[in-house]
Amino acid sequence: MPDSEFTGRSIGLWHPEQTRAEYRPCHPKWMFEMTTLIKNGRIITATDDYFADVFIDGETVSMIGKNLPGEVVKRADRVIDAKNKLVIPGAIDPHVHMELPFGGTVSSDDFKSGTIGAAFGGTTSIIDFAIQFKGKTFQQTIDDWHAKASGKCAIDYSYHLAVTEYEPKHEKEFAKVIDQGITTFKIFLAYPGVFMIDDQTMFRVMQSAGAAGGMTLVHAENGIAITEMINNLVKAKKLEPKYHAQSRPPVMQADGVARACKVAEVAKAPVFIVHVSCEAAMIELQRSRDAGNPAYGETCTQYLFLDESYYDKPKFEGAKYVFTPPLVGKENIEPLWKGLKLGYLQEVSTDHCPFNFKGQKELGKDNFTKIPNGGPGVEDRLSMVYQGGVIERGFTLNKWVDLCSTASAKLFGMFPKKGTIAVGSDADIVIYDHKKKRTISAKTHHMNCDYSLFEGWKITGEPQTVLSRGKVIIENGKYVGSPSDGKFLKRGAVVTP
Ligand code: DUC
Ligand code: ZN
Ligand code: ZN
C-alpha cells in the first residue's frame with residue numbers, strides 16, 4: 001500500500017470506536033506509531049503529584065486521567081503497569097561531550113554508547129557542545145557535529161555552539177545558528193591556546209547571542225592565572241593528579257564567574273555558568289542575579305558528592321577524578337545542595353566526558369597536565385540526585401524532576417515538548433522504581449568507560465522502563481531501541497525563570 005493512501009490519517013483523527021487493527025493494516029509506516037497506556041502510576045512533574053493513567057498516541061501524550069474511557073483503553077497496543085512506581089518526564093542532561101577530541105585523545109563514549117548509557121539512566125535528551133576548532137566556521141562546526149551524531153543516537157539530542165573564534169563580521173551567523181534550533185552559545189575562559197577566548201570576544205559573543213535571542217554559557221575560570229600556577233607546579237616537579245586541583249583553586253573559578261556575569265551585564269545579555277563546583281563561584285552568580293541580571297547556572301553530580309580527598313587515592317587512581325573544574329573541599333558540598341534547593345542554581349548536569357583509565361587517563365601517569373580532563377556520569381545523574389536530594393536531604397519529588405528535567409527544558413528552549421508530562425508533550429517518560437536498591441559499578445553500567453566515579457556506592461532508585469517519544473527503549477534492564485531513534489532537537493527561545 002503506498003504511503004499516500006495514509007495522507008490525512010493522523011493519529012489524532014482516528015475515531016475512538018475503531019480498534020487499532022481496523023485503522024492500521026500491517027504497514028511499516030504504522031509500526032512505530034503504537035499506542036501505549038501507562039496505568040496506575042504516580043505522576044510527578046515539576047509542579048504536580050497525582051495518580052492517573054497516561055495514554056500515548058504515537059510519539060505524543062494524548063490523554064491523562066483517572067479511569068480513562070473504555071474505548072480509549074481498548075485502543076492501547078501496549079499496556080505498562082506502573083503500580084507503586086513514579087512516572088516522571090524523561091530526564092535532560094544539558095551538558096555532555098560525546099566523542100570529543102580533547103587532551104590528545106577522544107572522549108570514550110560516542111553518540112551511540114553515550115546515549116544508550118543515558119537512556120539506561122532515565123535521560124531521554126542530551127545537549128552536547130559543538131566546539132568550533134581552529135579555522136572552522138560556525139556552520140562547518142555544526143555540520144561536523146551532525147556527522148558524528150546523526151543516525152547514532154538512542155535518544156533526542158541537540159548542541160550548544162561553542163565559539164572559539166569570532167569577529168564582528170560573523171554577527172549575522174548567530175541568527176543563522178538560532179534558525180537551525182541551536183539557541184545557546186558557549187565560551188571558555190579556560191584552556192588558553194585551545195578553547196579560551198579573550199574578554200573582547202566574550203563581550204562580542206554575549207552581545208550578539210543576546211541580541212539574536214540566544215543565551216551564552218560560560219566555562220568560567222581564570223585560564224591565564226591557572227596556566228601560571230600549572231607551570232610553577234610543573235617546575236617544582238609536583239606532578240601527581242592532586243596537583244590538578246591545586247592548580248585551579250575555587251577563587252579562580254569565582255573570578256571567572258564574576259567576570260562573566262559583569263561582562264554579560266554590560267552586554268545586556270543572559271548568561272549561564274556551567275559546572276559551578278564551589279560555594280565561592282555560586283556566590284558570585286547569586287550576587288549578579290540579586291542585582292537583577294539574567295544570570296543562571298548549574299552544578300554537576302560529581303560536585304554534589306565527591307571532594308578533593310579523592311585525588312589522594314593510591315596507584316594513580318586520583319586521575320579518575322581529573323576533570324575541570326576539579327573537586328574541591330568537602331565544605332562546598334552542602335552549600336551546593338542548598339543552592340539547588342533555594343534556586344541559586346537551576347539544574348544538575350554531568351559534564352559527561354569519559355576517558356578510560358587504561359590507555360587514556362594513563363597518558364598523564366608522570367604528569368597531571370597530560371591527564372585528559374573529564375569523567376563519566378550521564379547514566380548516574382537522575383538516580384544520584386534522587387538519592388542525594390530526595391532520600392538524603394528531603395527534596396520534594398517535584399524539585400527532583402525540575403532539577404533533572406524541567407528546568408533544562410525551559411532554560412534551553414525545549415519546554416513543554418520536553419521536560420513535563422502533559423497532553424501534547426513528547427512521550428519521553430521514565431517509570432522509576434524508587435524503592436529498588438542497587439550498587440553502582442563500572443561492571444554493570446552501560447557507558448563506555450572502564451571506571452565509575454561512584455564505584456560500589458549503594459543507592460535506592462532505578463529507572464525501570466524508559467520511553468523516548470512513545471517508544472519503549474529500556475525495559476527489564478535491556479536496551480530495546482535502535483540507534484536511529486534519537487532525533488536532532490530544534491530548540492526554541494530560552495525561557496528564563
Ligand atoms: N571539563 C572537563 O573536565 N572536560 C571537558 C571540558 C571541560 O570543561
Ligand atoms: Zn567546561
Ligand atoms: Zn563541559
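Trainee: Where do I start with the pairing of strand S1 (residues 35-44) in this structure?
Mentor: Of all 10 residues that make up S1, 7 are buried, and the element is covered over most of its length. Of the strand pairs in this sheet, S1 and strand S2 (residues 49-57) are connected by 8 bridges, and their pairing is antiparallel. Note that in S2 the partner of Arg 42 across the bridge is Phe 51. From the end of S1 to the start of S2, which pair antiparallel, there are 4 residues. Judged from the 4 bridges that link them, S1 and strand S4 (residues 78-81) form a sheet pairing that is parallel. Bridge pairing links Thr 36 to Arg 78 in S4.

Trainee: Before we go on, may I ask you to explain the coordination of the zinc ion (ligand 3) in this structure?
Mentor: Each angle at a metal carrying four tetrahedral donors should ideally be 109.5 degrees, and each at a metal carrying six octahedral donors should ideally be 90 or 180 degrees. The coordination sphere of the zinc ion (ligand 3) contains the protein donors His 95 (NE2), His 97 (NE2) and Asp 351 (OD), at a distance range of 2.0 to 2.1 Å. For the pair the zinc ion (ligand 3) and the zinc ion (ligand 2), the metal-to-metal distance amounts to 3.6 Å. A single burial state applies to His 95 and to His 97, both of which are buried.

Trainee: I'm lost on empty space enclosed by the protein in this one. Help?
Mentor: Gaps between atoms show up when a probe of the same size as a water molecule is rolled over them. Scanning the entire structure with this criterion turns up 3 cavities of 30 Å³ or more. In this structure, the largest cavity encloses a volume near 140 Å³. Per-class residue counts for the lining of the largest cavity are 8 nonpolar, 7 polar and 2 charged.

Trainee: Would you mind going over the packing of aromatic side chains with me for this structure?
Mentor: Centre distance and the angle of the planes are the two values used to describe a pair of aromatic rings. For the structure shown, the criterion picks out 27 aromatic pairs. Each ring, one from Phe 133 and one from Trp 145, has its centre 6.3 Å from the other, and the planes form 20 degrees; the classification is stacked. Placement of the pair is Phe 133 in the loop between strand S9 (123-131) and helix H5 (138-149) and Trp 145 in helix H5, with a sequence separation of 12 residues. Looking at Trp 145, the relative accessible area reads 2%, which means it is buried.

Calculation notes
- Residues numbered from 1 in each chain as written.
- Chains lettered and ligands numbered in written order.
- Predicted model: local features only at pLDDT ≥ 70, side-chain atom pairs only at ≥ 80, totals over all residues.
- Heavy atoms only, no water.
- Buried < 20%, exposed > 50% of the residue type's maximum accessible area, 1.4 Å probe, protein only.
- Helix = DSSP H or I, 4+ residues; strand = E, 2+ residues; numbered from the N terminus.
- Pairing = 2+ DSSP bridges.
- Donors = N, O, S within 2.8 Å, 3.2 Å for Na, K, Ca; no water.
- 1 Å grid on protein atoms, 1.4 Å probe; cavity = no way out; pocket = protein on both sides within 12 Å on 5 of 7 lines; lining within 4 Å.
- Points joined across faces, edges and corners; volume = space filled by probe spheres on them.
- Nonpolar A, V, L, I, M, F, W, Y, C, P; charged D, E, K, R; others polar.
- Phe/Tyr/Trp six-rings, centres within 6.5 Å; stacked < 30°, edge-to-face > 60°.

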